[in-house]
Structures are given as C-alpha cells and as structure tokens.
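Residues per chain are reported as follows:
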Amino acid sequence: DKGNHRHFMQKEIYEQPIVVAQTLRSYLRRIDDQVSLPVPDFDLSAIRRVTIVACGTSFYAGMVAKYWFEQFARVPVDLDVASEFRYRAPVMEDGGLALFISQSGETADTLAALRHARAEGQKIAVVVNVPTSSMAREADLLLPTHAGPEIGVASTKAFTCQLAVLAALAANFARAKGRLTPEDEKAIVGHLAEAPAAMNQALAQDEAIQALAPLIAPARDVLYLGRGTDYPLALEGALKLKEISYIHAEGYAAGEMKHGPIALIDEAVPVIVIAPSGPLFEKTVSNMQEVQARGGKVVLISDEEGIEAAGEGCLATLALPKVHPLIAPMVYAVPVQLLAYHVAVLKGTDVDQPRNLAKSVTVE
Ligand code: F6R
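Because the structure is a prediction, the values reported are computed rather than measured.

Trainee: Before we go on, may I ask you to explain the pairing of strand β4 (residues 77-81) in this structure?
Mentor: Sheet faces and side chains relate simply in a regular strand, where the side chains alternate between the two faces. In this structure, strand β3 (residues 50-54) lies alongside β4, joined through five bridges in parallel fashion. Within β4, the position partnered with A54 by the bridge is V81. You can see the chain leave β3, run along helix α3 (residues 56-73) and come back into β4, and the turn it takes is right-handed.

Trainee: Looking at this structure, how should I read the nonpolar core?
Mentor: Inside soluble globular proteins, nonpolar side chains tend to come together where they are buried. In terms of nonpolar packing, the biggest core is built from 99 residues, with V50, W68, F69, L99 and Y224 touching the most fellow members. Apart from the residues within four sequence positions on either side, F69 is in contact with V50, I52, R74, V75, V77, L99, L166, L169, A170 and F173. Ranked by size, the runner-up nonpolar core spans 19 residues in total, among them L225, F281, M288 and V291.

Trainee: Would you take a moment to explain the state of the cysteines for this structure?
Mentor: Defined simply, a disulfide is a covalent bond joining two cysteines at their sulfur atoms. Applying the stated criterion to the full structure yields zero disulfides. The thiol sulfur of C161 is not disulfide-bonded, and the nearest other cysteine sulfur, from C55, lies at 19 Å. When its relative accessible area of 0% is taken as the criterion, C161 is described as buried.

Trainee: Explain the site of the ligand here, please?
Mentor: Residues in contact with the ligand amount to 14 residues; listed here are only the nearest, S58, S102, Q103, T107 and E243. Taking S104, its side chain carries an N or O atom lying 2.7 Å from an oxygen atom of the ligand. Here the ligand loses 91% of its free accessible area of 400 Å² to cover by the protein chains. Tallied by class, the residues present in the shell around the ligand amount to four nonpolar, eight polar and two charged.

Trainee: For this particular structure, what's the right way to read the sheet that holds strand β6 (residues 123-128)?
Mentor: Strand pairs in the sheet, formed through backbone hydrogen bonds, run parallel or antiparallel to each other. Spatially, the five strands line up as an open sheet ordered β4-β3-β5-β6-β7, and their pairing is parallel. Since the sheet does not close on itself, it has two edges, and those belong to β4 and β7 (141-144), each with one partner. The mean inter-strand angle of the sheet, taken between neighbouring strand axes irrespective of direction, is 15°. Inspection of the sheet shows β6 paired to β7 by four bridges, in the parallel sense. Looking at β7, one finds that A125 is bridged to L141. Sitting on the sheet, helix α7 (residues 157-176) is in contact with β3, β5 (97-102), β6 and β7, with an inclination near 160° to β5.

Trainee: Explain the sheet that holds strand β9 (residues 248-253) to me, please; I cannot follow it from the model alone.
Mentor: Spatially, the five strands line up as an open sheet ordered β9-β8-β10-β11-β12, and their pairing is parallel. Every interior strand has two partners, whereas the edge strands, β9 and β12 (316-320), have only one. For this sheet, the mean angle separating the axes of adjacent strands, direction not counted, is 20°. The strands touched by helix α10 (residues 206-216) are β8 (221-226), β10 (270-274), β11 (297-303) and β12; relative to β12, the strand with the most contacts, the crossing angle is about 155°.

Trainee: What exactly am I supposed to notice about unusual backbone geometry here?
Mentor: Backbone phi values are negative for most residues with the exception of glycine, while trans is the configuration of most peptide bonds. With a phi angle near 50°, D33 is a residue other than glycine that sits in the positive phi range. Looking at the element boundaries, D33 is found in the loop between β1 (28-29) and β2 (34-35). Residue classification places D33 among the buried residues on the basis of a relative accessible area of 14%. Backbone geometry places R74, a non-glycine residue, at a positive phi of 55°. You can see R74 is positioned in the loop between α3 and β4. Given the relative accessible area of 55%, R74 is considered exposed.

Trainee: Got a minute to help me understand the side chain of S277 in this structure?
Mentor: Inspection of the secondary structure assignment puts S277 in the loop between β10 and α12 (281-293). When its relative accessible area of 12% is taken as the criterion, S277 is described as buried. A polar contact is formed between the side chain of S277 and the side chain of D303, at a distance of 2.9 Å. Among the polar contacts made by the side chain of S277, one reaches the side chain of K322 at a distance of 3.0 Å.

Trainee: How do you make sense of the packing of helix α2 (residues 16-25) against helix α9 (residues 195-203) when you look at a structure like this?
Mentor: Two numbers describe how α2 lies on α9: the axes approach to 8 Å, and their chain directions differ by 170°. Classed by the angle they form, the pair α2 and α9 counts as roughly antiparallel. Contacts between α2 and α9 involve Q16, P17, V20, A21 and L24 from the first element and P196, M199, N200 and L203 from the second. For the contact of α2 with α9, the residue count by class is seven nonpolar, two polar and no charged.

Cut-offs and rules
- Residues numbered from 1 in each chain as written.
- Predicted model: local features only at pLDDT ≥ 70, side-chain atom pairs only at ≥ 80, totals over all residues.
- Heavy atoms only, no water.
- Pairing = 2+ DSSP bridges.
- Helix = DSSP H or I, 4+ residues; strand = E, 2+ residues; numbered from the N terminus.
- Right-handed = clockwise from strand over helix to strand, strands pointing away.
- Core = buried A, V, L, I, M, F, W, Y, C linked by side-chain atoms within 4.5 Å.
- Buried < 20%, exposed > 50% of the residue type's maximum accessible area, 1.4 Å probe, protein only.
- Contact = heavy atoms within 4.5 Å.
- Disulfide = S-S within 2.5 Å.
- Near = heavy atom within 4 Å.
- Polar contact = N/O pair within 3.5 Å; in protein donor to acceptor, adjacent residues only side chain to side chain.
- Areas by Shrake-Rupley, 256 points an atom, 1.4 Å probe, with all protein chains shown as cover.
- Nonpolar A, V, L, I, M, F, W, Y, C, P; charged D, E, K, R; others polar.
- Axes fitted to C-alpha atoms, helices over the stretch in contact; angles between N-to-C directions.
- Parallel < 35°, antiparallel > 145°, perpendicular 65-115°, else oblique.

Structural data, given as structure tokens:
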C-alpha cells in the first residue's frame, strides 16, 4: 500500500526517519548512552582486518563504513563489489572479519562471496534487511536493519538503515579496540540519535528539491562530486539518477576531477556537489570552482554555512540542516534520492519498476 504517496519509492524515502529511528533503537541504549550490538561468538577486539563486500547501493553503504571503521577503530578495511571479490583471489588472513551488506540477503554474488570468505576462515558478519534470508541464516554476527519491506526497485530506506547499523558497529568496534572513551561513545550515541530529526528536516526541503528537477531532466549527462564519506554519496546519487531516470550520471571523488573527468565539463552537464560545511569543505569547494571556471553549472548541496561561503555563482543551491559529520551520509542521502525521484517523475519513467532491473539479483 502506497498510502498517500504516488510511488513506493516516494513512500520509502519518506519512511526513513521512522525506520532509521526504529533501527537505531535496537543498537543504541539510551539509559547509559552506549551502543549495544548482539554479542558475537568471537572476540571483536581480536579482529585485525575487515573485508567488506556488497553490491550496488549496499556497496556504497560499505564504502561509508570503511571510512568509519578506519577512523574510529583504526582497523584496516578491504572493500570490494561481490562480483569482483569472488574472482580476484583476495588475501584473507585467519581470524579476519568479513562483512556482507545486503537489503535482500539473496544477492547471488554477495552470497557466494560470503561462502567463499567462510571457507577462507573468516568470521561472517551480515547487515541485512530480510531476516529470513539466506545471508541472515549464514551469519556468525547478524545485524538486521529494520527498514521494513522495500518494494521500490531503487533502494532508499534500506541504505540509510544500513548506515545506521554500520555506524553503531564502527563505534562498537572502536570500543572493543580500546579506542573509545565512555565520553566519546556517549557523544556518538547522541549524534546518531539526532539523525531521524535531521532527516525529517531534509525531507522538508522536498519542494525545493522538486524545483531542481527541471534543471536536471533535460541533461544527457550529470556528474556528482563528493569527498570523504560524501564520495560514496556522490556515487549513490549517480546510481539513483541513472537507474530511475535513465540519464547517464557518474559520481567522482571531488579531487579526481582534474585527473580526467573535468574534460567533460560544459554548460550542458549539470554537476551536483555534495559538500556539508566541515573540515573537507574548502577542498571540495576548490574542485567545484575548477568546474565553474570551465562553464560548468553547479548545484551545491550543503548547509546554510556552506552556501553562505560558496553558493555564489552556482546554478542552484540546496540548504540542509547543519549536522555532525557522522550522520551527514544519512541526511544527505535524502536530497540525492528525492532529486532522482523528481527527475524520473518529470520524465515519466516507471519509478518503482525501472526497465531492465530486478529487486533481487539472484543470478551471477
Ligand atoms: C540500487 C539497488 C541495487 C542494489 C543491489 C544490491 O538502487 O537497489 O544496486 O543495492 O542490487 O542488492 P542487495 O542489497 O539486496 O544485496
């Protein structure tokens, strides 16, 4: 049932504050401000290396998690798409942790990668939305997302719920590694608890986002730029746009522009820059200015502070609430999803059932 929404995708985008809150409730203990994960039958503090494997949007959640695991737990992370991981003879030392992320829990390549990692002596952690799925059954450490059934083929609420679980796992990992003071943990729990409200504020920008759709819909190509954890968000934005609007879109690490993609820039290629104010902001803005200097039309997604500092000369800007960097990926996912959605609606494509795509990819 779509309720009063036109598409399942729209409904699922709008459900995110609720389902992220629901997911966080099972991983955060507010009484003593601690993250609380199911206790695995192995010692998390002994894990020396993590291998993250997933496909598509779930892979981008894994990419964000790599930044977090390295930053908070100082644990080295290997990251790969399942279809590559399986065939590249990856080196997995005994006692490593392999982490699989999947909405459906049935994606053939991810499941095969899981079995391969188990055979290589890895502990298996799974972040999955379907609790009865194959991946859920085969996990040593099962970390469910509580997004509820996701019907729209383009993944939205599963992604933000994955991020919520992965942030909690990163904090838990950091604590196990002796790298998190109770004060730091309390702060992390506090930031995560703010995510649903901030996502609501992002949703409140829907009209402004819809107003951007006519700027994007006529384009043949669209670029998305981001840095740090906004880089996977840029990739996710491009994936959402291409899969439901059929516009060619690519995401790049902002700093990579001048190593090639900037050759594509002209006034016909909109460039969506995802850049919350913060330590990486200046760097991303200088990449954005390189684009503008070549006639590129920029849509800057930031907060008031960022737009104040760098919004001039942009084709359009979109102001989100100013949030802690830990929850920014969850909050910035919202405009990126809504933009793809409105462009697709404007183009009249089948938003919930885009051509050539299946909800669960059970072939390799
Ligand atoms: C994109 C999308 C796909 C899935 C991918 C993995 O919107 O839905 O890229 O993310 O097929 O699926 P799961 O997460 O079920 O393993």
